[in-house]
Amino acid sequence: MKIVVEYTAQVKKAAGLSREDFQVIEGCTLQELVKQVAEKHDATLKSILFPDSEELHPSILLFVADQQVLWSESLTLQPDQVVMILSPISGG
Amino acid sequence: MSGFPPLTNEERAVYEWQIWVPEFGEAGQEKLKDASVLVSRCGGLGSVVAYELAAAGVGKLVIAHAGNVKPSDLNRQLLMTHDWLGKPRVESAERRLKELNPRLEIEAIPENICEENAEKIVQKVDLIVDCAPLFPERYAMNRQSVLQRKPLIECAMYDLEAQLTTFIPGQTGCLACLFPHDPPAWKREFPVFGAVSGTVGCMAAMEAIKVLSGLGQPLANQLLMFDLRDMTFHRNRIMQRTECSVCKKLEI
Ligand SMILES: [Zn+2]
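Residues numbered from 1 in each chain as written. Chains lettered and ligands numbered in written order. Predicted model: local features only at pLDDT ≥ 70, side-chain atom pairs only at ≥ 80, totals over all residues. Heavy atoms only, no water.

K.L.:
Honestly, helix α2 (residues 30-40) of chain A in this entry has me stumped. Any pointers?
P.N.:
Residue and element names in this part refer to chain A. Listing the buried residues of α2 in full gives L30, Q31, L33, V34, V37 and A38. With its buried residues spanning 165° around the axis, α2 presents them on a single face. Along α2, the residues that are exposed and aim more than 90 degrees away from the buried face are E39 and K40. Against the buried residues of α2 lie β1 (2-7), β2 (19-23), α3 (43-49), β3 (61-64), β4 (67-69) and β5 (82-86). (Buried < 20%, exposed > 50% of the residue type's maximum accessible area, 1.4 Å probe, protein only. Helix = DSSP H or I, 4+ residues; strand = E, 2+ residues; numbered from the N terminus. Arc of directions from axis to C-beta. Contact = heavy atoms within 4.5 Å.)

Have a look at this one:
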């Protein structure tokens, strides 16, 4: 099934694009998708998302269908859902 | 009687066109006149927030920003002027705000917010607009927002992107719910056009006006994100963390 992934700020810069489609297996969880995203791109993106472990860095936010979802929640994705991976910004 | 200080004839004349806004009216204007707002800092974002709030007739502004005006400020920090290069930023800001609105009461503090000064400075105001470029400053204001139960407008930008939300103690989570840990990737210097910081500054000023006057619906429990590179806008639901180390521990 298809999932649309959108990126913001430094995550967008590291991914090199603002949105892309992913083909994932039926029953794919949000965690599996984010790991797939990190594997697909070069090391910069992985170092932002997973700097030192298999756990997503706590400053990175996830949204599924415009709703925040915590990394610790086990969420199964539905076909054509939009997942946003957000990195915090603080420019004043 | 609203219980708020009545407008003078001069104020009625200056604010006439915004008093026409439905659900705002003269009562909304009186609430702004009675209100005090902290804007920290007065850079690309805070300059525009302070300027719009001064124009809208907020009674008192407390502005906090350390340092002197530098050439590299002038592409976006609209309260800083060329003739004030090398002189304190808050002096330039105060002068510009007074030119626009001589009725405005201003307290200009030549310091950035930190854990040590945040409590005293936040005590002076009803609402905070957080325009700080560093997360530790933002966390210091967030803590006081929660402790003193004062609304906090969080606005930030990077490159052509921006994020904006409004935290209202008791009704929403807080900045530590959104970002529980100081993001390691963030650097003090960031790419910025003044038109981007100005856009989010105007939006943050409007959030402040709405919260103070009761107009419309503020961005409570929602994060607005946009990218002016391709004009995409998103408004997403954000959550209060049940284990938040700030609002779940400190709120009375
Ligand atoms: Zn919180």
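Don't stop here, the text continues.
K.L.:
How do you make sense of the nonpolar core when you look at a structure like this?
P.N.:
Nonpolar side chains tend toward joint burial in soluble globular proteins. Core analysis: the largest hydrophobic core is formed by 79 residues, its most contacted members being L38, V39, L53, L61 and V129 of chain B. Broken down by element, the residue count for this core peaks at 7 residues, all from helix α9 (residues 194-213) of chain B. Here L38 of chain B is in contact with V62, A64, I113, I121, V122, V125, L127, I128, V129 and M141 of chain B, once residues within four sequence places are set aside. Formed by 28 residues, the second largest nonpolar core is a distinct cluster that contains V24, C28, L45 and L77 of chain A. (Core = buried A, V, L, I, M, F, W, Y, C linked by side-chain atoms within 4.5 Å.)

K.L.:
Would you mind showing me how to read the pattern of salt bridges here?
P.N.:
Once their charged atoms are close, side chains differing in charge can pair, the charge on each being opposite to the other. Summed over the entire model, instances satisfying the criterion amount to 19 salt bridges over all chains. Across the salt bridge formed by D159 of chain B and K13 of chain A, the nearest N and O atoms sit 3.4 Å from each other. Here D159 of chain B is found in the loop between β5 (152-158) and β6 (161-167), whereas its partner K13 of chain A is found in helix α1 (residues 9-15) on a different chain. On the accessibility criterion, D159 of chain B (11% relative accessible area) is buried. Each of K12 of chain A together with E161 and D227 of chain B takes part in a single network of salt bridges with overlapping partners. (Salt bridge = Lys/Arg side-chain N within 4 Å of Asp/Glu carboxyl O.)

K.L.:
Whenever I open this one, the pairing of β6 of chain B confuses me. Can you help?
P.N.:
Regular strands place their side chains on alternate faces of the sheet. All names here are of chain B. Counting buried positions along β6 gives 7 out of 7 residues, so the element sits mostly inside the fold. Residue alternation in β6 divides its side chains into two sets, E161, Q163, T165 and F167 and A162, L164 and T166, and both sets are buried. Examined bridge by bridge, β5 and β6 share 7 bridges and lie antiparallel to one another. Paired with C155 across the strands is L164, a residue of β6. Adjacent in sequence and paired antiparallel, β5 and β6 are bridged by 2 residues, among which D159 carries a positive phi angle near 60°. One ladder, built from 4 bridges, connects β6 with strand β7 (residues 222-227); its direction is antiparallel. For E161, the partnering residue across the bridge sits in β7 and is D227. (Pairing = 2+ DSSP bridges.)

K.L.:
Is there a simple way to think about the environment of R103 of chain B in this case?
P.N.:
Residue and element names in this part refer to chain B. Among the secondary structure elements, R103 is positioned in the loop between α5 (89-100) and β3 (105-109). Separated by 45 residues in the primary sequence, R103 and V58 have C-alpha atoms spaced 9.6 Å apart. Setting aside its immediate chain neighbours within four residues, R103 contacts E10, E11, V14 and Y15. Reaching out from R103, the side chain makes a polar contact with the side chain of Y15 at a distance of 2.9 Å. (Polar contact = N/O pair within 3.5 Å; in protein donor to acceptor, adjacent residues only side chain to side chain.)

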